[in-house]
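Remarks on the overall topology
What follows is each chain in one-letter form.
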Amino acid sequence: MSRPTKANIVIDMEDVDKDDKMDEMGIDATEAKTSRKKRSVVWKEFEIITNSGDMKARCNHCKHNLAYKKGGATTHLKRHLKLCTPRKATLVGKDKGPKQSLLSFDVTKGDEMLSIFKYDKGKVREELVKMFSIGYMCLTGHFLDSEWKLQKRILNFCPLEPPHTRLAIADSISECLIDWGIEDKISTITLDNASSNDLAVRVLKENFEAKEKLHFGGKIFHVRCCAHILNLMVQDGLTEVRDVIENIRESVKYLKLSPSRLYKFNEIVKSLKLSTSKRLILDVPTRWNSTYAMLECALENKSVFSRYKERDYNYKWLPSDEDWKRAVEVSKFLEVINDVTKVFSGRKYPTSNLFLSQIWKVRKMLNDMSTDNRDFVKRMTLKMKEKFDKYWGECNLVMAIGAVLDPQYKMKLILYSFPKIYPADDFQRHIDDVRESLQFLYKEYLSIDSQINSSMSGATYDSNPSQAKKQKTDDFDEWIITNSNIILGNKSEIDMYLDEGVYKPGNEEYEDFDALNWWKANSLKFRHLSKMAQDILSIPITTVASESAFGAGGRVLDQYRSSLKPETIQALICMGDWLRQDFGVELASN
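For the structure given in this document, a descriptive report is provided here. (Residues numbered from 1 in each chain as written. Predicted model: local features only at pLDDT ≥ 70, side-chain atom pairs only at ≥ 80, totals over all residues. Heavy atoms only, no water.)

A word on the overall build of the chain
Applied cut-off: A run of H or I in DSSP counts as a helix once it spans at least four residues, and a run of E counts as a strand once it spans at least two, with each numbered from the N terminus. Per-residue accessibility, obtained with a 1.4 Å probe over protein chains only, is compared with the maximum for each type, and a residue is labelled buried under 20%, exposed over 50%, and partly exposed between these values. Pairs of residues are marked as contacts when any of their non-hydrogen atoms sit within 4.5 Å. Surface exposure here means Shrake-Rupley accessible area, sampled with a 1.4 Å probe, where a residue is shielded only by the protein chains that are shown.
The secondary structure content of the chain amounts to 25 helices and seven strands. Looking at the chain residue by residue over its 590 residues, the buried ones come to 38%. Here the contacts in the chain between residues at least 6 apart in sequence split such that 68% fall between residues at least 24 apart. Of the roughly 35700 Å² of accessible surface on the chain, 52% is carried by carbon and sulfur atoms.

Here we look at the packing of helix α11 (residues 288–300) against helix α13 (residues 321–344)
Inclusion rule: Note on geometry: axes are C-alpha line fits, over the in-contact stretch for helices, and angles between N-to-C directions span 0 to 180 degrees. An angle counts as roughly parallel when it lies under 35 degrees, as roughly antiparallel when it exceeds 145, as roughly perpendicular when it falls between 65 and 115, and as oblique in every other case. Two helices cross in a left-handed way if the nearer one is turned anticlockwise from the farther one by less than a right angle. They cross in a right-handed way if the turn is clockwise. Residue type decides the class: Asp, Glu, Lys and Arg count as charged, Ala, Val, Leu, Ile, Met, Phe, Trp, Tyr, Cys and Pro as nonpolar, and the leftover types, Gly among them, as polar.
Two numbers describe how α11 lies on α13: the axes approach to 9 Å, and their chain directions differ by 130°. Here α11 lies oblique to α13, going by the angle between them. Between α11 and α13 the crossing geometry is left-handed. Of the residues in α13, those touching α11 at W288, T291, Y292, L295, A298 and L299 are W324, A327, V328, V330, S331, L334, E335, I337, N338 and T341. Residue composition of the contact of α11 with α13, grouped by class: 11 nonpolar, four polar and one charged.

Observations regarding the sheet that holds strand β3 (residues 65–67)
For clarity, the threshold we go by: At least two bridges found by DSSP between two strands are what make those strands a pair.
Taken in spatial order, the three strands line up as β1-β2-β3 in an open sheet, and their pairing is antiparallel. In this open sheet, the two strands that pair with only one neighbour each are β1 (46–51) and β3. Going from strand to strand, the sheet's axes swing by 40° on average, the running direction of each strand aside. Examined bridge by bridge, strand β2 (residues 54–59) and β3 share three bridges and lie antiparallel to one another. Residue pairing in the sheet places A57 in a bridge with L66 of β3. Along the sheet, helix α3 (residues 75–83) contacts β1, β2 and β3; its crossing angle with β3, the most-contacted strand, is approximately 150°.

Focus on the pairing of strand β4 (residues 136–144)
The element β4 is extensively covered by neighbouring structure, given that seven of its nine residues are classed as buried. Two elements, β4 and strand β5 (residues 150–159), share nine bridges in a ladder whose sense is antiparallel. Counterpart to G141 in the pairing with β5 is R153. Between β4 and β5, which pair antiparallel in sequence order, lie five residues; one of them, W148, sits at a positive phi of approximately 60°.

A short note on the nonpolar core
Worth spelling out the cut-off: We call a set of buried Ala, Val, Leu, Ile, Met, Phe, Trp, Tyr and Cys residues a nonpolar core when their side-chain atoms join them within 4.5 Å.
Ranked by internal contacts, the top residues of the largest apolar core, which has 96 residues, are F333, L334, I337, F418, W519, L529 and M532. Those residues in contact with L334 that sit more than four places away from it in its chain are V234, L238, W288, T291, Y292 and L295. Ranked by size, the runner-up nonpolar core spans 19 residues in total, among them I189, L191, L214 and F221.

Quick notes on the pairing of β2
Both β1 and β2 contribute to a ladder of six bridges, which runs antiparallel. Considered in β2, the bridge of I48 is made with A57. Between the antiparallel neighbours β1 and β2 lie two residues, among them S52 with a positive phi of about 55°. In sequence, β2 turns back onto β3 through a hairpin of five residues, with K63 there showing a positive phi of about 60°.

Next comes the structure, spelled out in structure tokens:
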């Protein structure tokens, strides 16, 4: 490998009067004459400068100043040259062998050398991310099988090249749907709340509408992920009370940084005969559920912290009694949110009828907290109510209709909760919207069934006597199906269903009540409405199913298998998901 041959000379004094020049600079001529010539090869790539009276050695490549003393060692200078990135880039450029592609930078507008480029670590990191990172999109299908069991399958786990614009996302989704041949069978798309996703849904909705394949007038086409909304709401609220739990967080951090401190703390726990099943947890500020876990464990060991203080004089973050009281209030709030999140993020991906009752719990808690006189509670509540109103200020039709199709609730939950969720001058409008949408969807299903019956009636039959007898029976059956909604005083199935009282499951059935099983058992009584319930209840209101695929992706694409092709990654993830679903195997959590 060739090295730079041009020496870097600081002072050239061959053509001037050396003694006069040295006098002007304040240098002893005798001393200068006896100074030795620098022999180390490092001086070909360093120059000596004076900075505030101190002598420094400056690298000619990165312009970094290093310590230098006259007559001192140059080992640290050699070490720097081995690590100097601009120097490596220059040497690679001079190498005659195969070259690795360099990062593309706009160094200057002219044709100047790379050696004058100022090394920017942040810029290099950005360029490396562009070169090596691949974004992926997961598309998951949800449906009910013939046995009324909720199913989900990962259909695609495909790369999505940047920039992730609305058109890029919409085109990628459309391409996946076309590959599966289901582009005309999609009723609902559920995404998180990224702005690019909202715009992509608009593009998809326009495409479906242009092809006249937008089902149900697009009323339930776009569903926002409830779990994502809930997470955003809680994160906003916790930003207002970080100072409330600061001493608890610092205490846990102090203890967990030292094994000896943690051992001493655990010994006090044992001496007090407290539970040792829950160990101290340090939260991640951006994950509210970890904050809840930290508070839960700390409150359980509240009495231990004061005793530990007596044994460690360096411990300075003992929470006060007021700190503990505030932590209890924050923990109670997070406990409610944690329970709701468990329902939203259930491994079996709950049906849409379960969500409105959980949202009502959150709203009721916020209403109760808003009357609290304590400043930190008011600040937290105000922030969360703003986020709640932003996303749920308008009625979520899928969530509301799903609740109506739960025989335990019907319209009763709507009539009870909406006046408490929405303003007094607005709640009736939302109730009317739910009624109108319910009737609209029901008529759509009646229309679809009528078209199916019409196509069946146009079928030809053999003219033998036995077949003629069968045709008469079929005609009667068709009449029964067509007029099944005109019974009991022209009441439709939806009116019959709503006029009946709510279903009260027994004590044994209450916890495990499944609305789908109820509709399966009553499918003969409500022929059309049961089909509607089958479709509505299977709509996912969270993206948990798709997001869990990225957890599986972390197992497929790890540090030892980081060069797999996107097609191979998709095959592994989709195949694994389908096999687990077929054999009833759950993906283990980390």
